[in-house]
Amino acid sequence: MPRTLIRKNPSNFKTLPLFVEATPEGLSYQSVGMPLNFSQTLQRRRPVTVADTERFALELANLGVSVRLTLHWQNRDYWVLVRQRRQDRGDVVLKLISGYVPAHELNLPLHTAIQEIAEECLLETPEGWLGGRFNDTWLPAPYSSALHYREAMPFRLTPLSGAARPVRCANMQLIERPRAYVHLPTASLQLIYDLRLDVPKEAKSLSLFHVDERLEGDQLVARLDRKRPDLYLMPLQDGQPLAELFTLKKDQLYPASTRGLYLAESFARQEGWLVRDERIRWKDWVRQQGLTPPGKDSGLARLRGKAKQLLKKIVPRKKVSL
């Protein structure tokens, strides 16, 4: 049975519409109008059009933030993706860890991004759940009333290299240089931070889980479902992704099916400052990236090879009489 970790009143969340100006040299945004609650924000997330991909000025519904999180575990790097059923769009996708930026953090979306990691990416060991640090700052422990967090041995978050073009909130340039795009179907500005998560070497028998809030009636409810970890690892080789997905349970990687899979729009093609698609098929993204999917029968072939070796040891060869 899924375990309920926390319940929230969605009316407590407030964000602000944005006025965005973009040029080939950079993008800036500032808040406009009055604070909106969650349902009011969803009503504003309707398609918009822009004629020039590099130069425009328009009002958008909200600011969203995502993290392209590179997890470093046992001397390998992996991108972290999470499964989400998007109630406002009626689909299921794998996406980056992401969330809405509240009104009081519009000028510091990095803080929202770090909190989203703490809420959505859970690392479990037999001794408890791992806390985390970003530089010298402790991440929040959002489910401390339901889960036991270990005080020792935190994971560490560090920034990776940022985007080439600057993004500003009013006249203040955002630190860590997030990648930015305007998502036309939802009239939103999206920022993507590039961060690295180092798992402590002492963390043994590690399992990873995704927890996401869902609107149920008049409450936002976060649940942990051990049967559906919903957090996936995409291995990297020399910094480039491989066309494979895994889940991690007790230090063991388990292949995940990509059949019929969709990725969220942050993986779709970006033109200038714009992303036009709602989602992209996994196989289309793999083709765009020039990646080679693993052989369908490679796992079966390895099993057959091991079986043949085992049979050779067990069944002696027949002697040939001369």
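Up top you'll find the structure we're talking about.
Given the structure is predicted, the values throughout are model-derived calculations rather than measurements. (Residues numbered from 1 in each chain as written. Predicted model: local features only at pLDDT ≥ 70, side-chain atom pairs only at ≥ 80, totals over all residues. Heavy atoms only, no water.)

S.K.: Account for the packing of aromatic side chains, with residues named and values stated.
M.R.: Going through the model one piece at a time under the given rule, you end up with 6 aromatic pairs. Look at Phe-13 and Tyr-100: their rings are 6.3 Å apart centre to centre, the planes differ by 65°, and that puts the pair in the edge-to-face class. Pair noted here: Phe-13 is in the loop between β1 (3-8) and β2 (18-23) and Tyr-100 is in strand β8 (residues 97-100), with a separation of 87 residues, a long-range link. Measuring from ring centre to ring centre gives 5.8 Å for Trp-282 and Trp-285, while their planes differ by 45°; the resulting arrangement is tilted. Residue Trp-282 and its partner Trp-285 are located together in helix α3 (residues 282-288), separated by 3 residues, close to a single helical turn. (Phe/Tyr/Trp six-rings, centres within 6.5 Å; stacked < 30°, edge-to-face > 60°. Helix = DSSP H or I, 4+ residues; strand = E, 2+ residues; numbered from the N terminus.)

S.K.: Can you lay out the side chain of Glu-120 for me, pointing to particular residues and giving the numbers?
M.R.: Note that Glu-120 resides in helix α2 (residues 109-120). With residues up to four places along the chain from it excluded, the contact list for Glu-120 reads Val-82, Lys-95, Ile-97, Ser-98, Phe-209, His-210, Val-211, Asp-212 and Leu-231. (Contact = heavy atoms within 4.5 Å.)

S.K.: So what about α2? Which residues, and what values?
M.R.: The terminal C-alpha atoms of α2, which comprises 12 residues, lie 16 Å apart, in line with the 16 Å expected from a rise of 1.5 Å per residue. With 10 of 12 residues buried, α2 is to be regarded as a mostly interior element. Taken as a whole, α2 has its buried residues at Pro-109, Leu-110, Thr-112, Ala-113, Ile-114, Glu-116, Ile-117, Ala-118, Glu-119 and Glu-120. (Expected span 1.5 Å × (residues − 1). Buried < 20%, exposed > 50% of the residue type's maximum accessible area, 1.4 Å probe, protein only.)

S.K.: I'd love a proper account of the sheet that holds strand β18 (residues 213-216), names of residues and values included.
M.R.: With antiparallel pairing, 3 strands are arranged side by side in an open sheet as β1-β19-β18. Two strands in the sheet have a free side with no partner beyond their single neighbour: β1 and β18. Geometrically, the sheet is characterised by an average inter-axis angle of 35° between neighbouring strands, direction not taken into account. Pairing analysis gives 5 bridges linking β1 to strand β19 (residues 219-224), with the strands arranged antiparallel. Bridge pairing in β19 places Arg-3 opposite Leu-224. (Pairing = 2+ DSSP bridges. Axes fitted to C-alpha atoms, helices over the stretch in contact; angles between N-to-C directions.)

S.K.: For the nonpolar core, give the residues involved together with the corresponding values.
M.R.: Counting residues in hydrophobic clusters, the biggest one holds 56 residues, and the most contacted among them are Tyr-29, Phe-56, Leu-69, Ile-117, Leu-123, Leu-157 and Leu-189. When neighbours within four sequence positions are excluded, Leu-157 is seen to be in contact with Leu-69, Ile-114, Ile-117, Arg-133, Phe-134, Asn-135, Leu-139, Arg-196 and Leu-197. One finds Tyr-181, Leu-261, Ala-268 and Trp-282 within the second-largest nonpolar core, a separate group that totals 22 residues. (Core = buried A, V, L, I, M, F, W, Y, C linked by side-chain atoms within 4.5 Å.)

S.K.: Outline the sheet that holds strand β14 (residues 172-173), supporting the account with residue identities and numerical values.
M.R.: With mixed pairing, 5 strands are arranged side by side in an open sheet as β4-β2-β3-β13-β14. Edge positions in the open sheet fall to β4 (56-60) and β14, since each of these has one partner strand only. Pairing geometry for β2 and strand β3 (residues 26-31), over 6 bridges, is antiparallel. Bridge pairing links Phe-19 to Gln-30 in β3.

S.K.: With reference to specific residues and values, describe the pairing of β2.
M.R.: Taking every second residue as pointing to the same face, the buried face of β2 carries Leu-18, Val-20 and Ala-22, while none of Phe-19, Glu-21 and Thr-23 on the other face is buried. Where β2 hands over to β3, the hairpin turn is made up of 2 residues, counted between the paired strands. In this sheet, β4 lies alongside β2 in antiparallel orientation, the contact comprising 5 bridges. Each bridged residue has a counterpart across the sheet, and for Ala-22 the counterpart in β4 is Phe-56.

S.K.: I'd like to hear about the pattern of salt bridges, residue by residue, with values.
M.R.: Using the criterion set out here, one finds 14 salt bridges in the structure. For Lys-95, the salt bridge identified is with Glu-120, shortest N-O distance 3.6 Å. Here the residue Lys-95 occupies a position in strand β7 (residues 91-95), and Glu-120 occupies one in helix α2, the gap between them amounting to 25 residues. Residue Lys-95 is classed as buried on the basis of its relative accessible area, which comes to 5%. Note that Arg-150 and Glu-127 form a salt bridge whose closest N and O atoms lie 3.2 Å from each other. Placement of the pair is Arg-150 in strand β12 (residues 149-159) and Glu-127 in the loop between β9 (121-125) and β10 (128-134), with a sequence separation of 23 residues. (Salt bridge = Lys/Arg side-chain N within 4 Å of Asp/Glu carboxyl O.)

S.K.: Please give an account of the pairing of β9 that cites residues and values.
M.R.: Among the 5 residues that make up β9, 5 are buried, leaving the element largely enclosed by the rest of the structure. Burial of β9 is two-sided: the residues Cys-121, Leu-123 and Thr-125 facing one way and the residues Leu-122 and Glu-124 facing the other way are all buried. As paired elements, β9 and strand β17 (residues 207-210) share 4 bridges and run antiparallel to each other. Across the sheet, residue Leu-123 finds its bridge partner in β17, namely Leu-208. Here β9 pairs with β10 via 2 bridges, running antiparallel. Looking at β10, one finds that Glu-124 is bridged to Trp-129. Here β9 folds back onto β10, and the loop between the two strands holds 2 residues.

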